[in-house]
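Next come the chains, spelled out residue by residue.
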Amino acid sequence: MTTPETGDLRITNVTKRFGEFTAVDDLSLTVPQGAFFALLGASGCGKTTTLRMVAGLEEPTTGEIRLGDRDITRLRPYQRPVNTVFQSYALFPHLDVFENVAFGLRRRKLRQVKEQVDKMLELVQLGGFGKRKPAELSGGQQQRVALARALINHPQVLLLDEPLGALDLKLRRQMQIELKRIQTEVGITFVHVTHDQEEAMTMADTVAVMNAGKIEQLGRPAEIYEYPATAFVANFLGQSNLLAGEAAGRSGDVVQVAAYEQRFAVPAVRSRTDRGPVFLGVRPEKLALVPAGAAVPAGHQFVAGVVTDSSYVGVSTQYLVRTGWGTELAVFAPNGGDATQLAVGSQVTAHWNPHHAFLLERAPGEGDQTTPLLDSPDTVGVGS
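Residues numbered from 1 in each chain as written. Predicted model: local features only at pLDDT ≥ 70, side-chain atom pairs only at ≥ 80, totals over all residues. Heavy atoms only, no water.

1. Re the nonpolar core
If you look at the biggest cluster of nonpolar residues, it comprises 46 residues, and the most contacted ones within it are V101, V117, L147, L151, L158, F190 and V207. The residues contacting V207, other than those within four sequence positions of it, are A38, L40, A200, Q217, L218, G219, P221 and I224. Among the nonpolar cores identified, the runner-up in size contains 33 residues, and A244, A268, V303 and L342 belong to it. (Core = buried A, V, L, I, M, F, W, Y, C linked by side-chain atoms within 4.5 Å. Buried < 20%, exposed > 50% of the residue type's maximum accessible area, 1.4 Å probe, protein only. Contact = heavy atoms within 4.5 Å.)

Below you can see the structure in the form of structure tokens.
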């Protein structure tokens, strides 16, 4: 068995243009050796182009790509210690599972093929499937064969291009767990491209959210989800209620915000800015509902509204609440044993702990009309 090369994957100031269109725009990032790294973004954001440049299937217009101390920017694909697993599997239909997995070893004229292939099939839980043809396998099993075929070459980096996109929901979730298990066991760097936020958060140690060829935010999944850097990230990684307002600076350890003739306070440590146009963000599961007039927990902030929609989805009931200024807030209420369903048309108060809110910069004029912060130091919209 060969020992893979070591070192981080470093992409430095990489730009890729197709004519006048810039697919990747001055991108720099480092993927630590042994990490499970996800590039997350919508179609056309540049994530697959980035992956193809690492694989050698596209050449950067400018910039540099290195694996450890080795510059691979201009190397041909077969010269790179990199393998790619595609959504389409790309298995050889005329070869059985064993020979599909052994393909790379046979091309390199290596010995002890059977031992290595059997070990790899056991790793992906396909021991005993060696004589079957790809057409005899399910989609998930075919994806495992493609993964085994890539891993048996012991690449320094394994690139995964939407590898689970063709699977149904249940199987996709099973494969998410399996991919993470396999990555942990083999210790190879995985770079996973996906548009599926749940997939990225389930498997990756680090997530880079891409938009228009640039990285909007990079970090651990929980960090990005709980404290997004931009409105785009707040609504791409999960769902957020964003109230357009104006911030008037810090007051102690909070930032004062006016929105829709109400005043709010957001902890300064959860604020990306403290003055000017802002979005006050609260995730739907951080909001709670009580009937209008009912007590709100001390220290909570709140807005009044009316339930316009209610959807029971098992673990939670998802409500839409229309506020007095016309915006609809999403509220995900957990379904406990004593959970009370609120009927459409109910007058309610939506409240939240301010330590669960976050404050983002907002472009002037973006979002709804807001009310300037009043001179009075009193804050409304805060439970007592």
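The rest of the description comes next.
2. Quick word on the side chain of Q142
Structurally, the position occupied by Q142 is in helix α4 (residues 139-151). Judged by its relative accessible area of 18%, Q142 falls in the buried class. Engagement of the side chain of Q142 in a polar contact is seen with the backbone oxygen of P134, the distance being 3.4 Å. Beyond its immediate sequence surroundings of up to four residues, Q142 is in contact with Y89, L91, P134 and L137. (Helix = DSSP H or I, 4+ residues; strand = E, 2+ residues; numbered from the N terminus. Polar contact = N/O pair within 3.5 Å; in protein donor to acceptor, adjacent residues only side chain to side chain.)

3. A few points about helix α1 (residues 47-55)
α1 sits mainly inside the fold: seven of its nine residues count as buried. The set of residues buried in α1 consists of K47, T49, T50, L51, M53, V54 and A55. Two residues or fewer past α1, G56 is found with a positive phi of approximately 90°.

4. Describing the UniProt feature "domain: ABC transporter" (unreviewed entry) in the protein chain
Within this numbering scheme, the UniProt entry marks residues 9-237 as carrying the feature "domain: ABC transporter" (unreviewed entry). Here residues 9-237 runs as 35% helix and 27% strand, with 24 Å between its end C-alpha atoms. (UniProt positions renumbered as here; feature names shortened; annotations may be inferred.)

5. Overview of the pattern of salt bridges
Inspection of the entire model under this criterion finds 17 salt bridges. For the salt bridge of K16 with E58, the shortest nitrogen-to-oxygen distance reads 3.9 Å. Residue K16 is located in strand β1 (residues 9-18), and its partner E58 is located in the loop between α1 and β4 (62-67); the two are separated by 42 residues in the primary sequence. Bridged by salt links that share partners, the residues R144, E178, R181 and E185 form one connected network. (Salt bridge = Lys/Arg side-chain N within 4 Å of Asp/Glu carboxyl O.)

6. Describing the packing of helix α2 (residues 97-107) against α4
For the pair α2 and α4, the least separation of the axes is 7 Å and the interaxial angle reads 30°. As summarised for this structure, α2 and α4 are arranged roughly parallel, according to the angle between their axes. The chirality of how α2 crosses α4 is right-handed. In this structure, α2 contributes V97, N100 and V101 to the contact, and α4 contributes V145, A148 and R149. Looking at the contact of α2 with α4 residue by residue, the classes come out as four nonpolar, one polar and one charged. (Axes fitted to C-alpha atoms, helices over the stretch in contact; angles between N-to-C directions. Parallel < 35°, antiparallel > 145°, perpendicular 65-115°, else oblique. Left-handed = near helix turned anticlockwise from the far one by under 90°. Nonpolar A, V, L, I, M, F, W, Y, C, P; charged D, E, K, R; others polar.)

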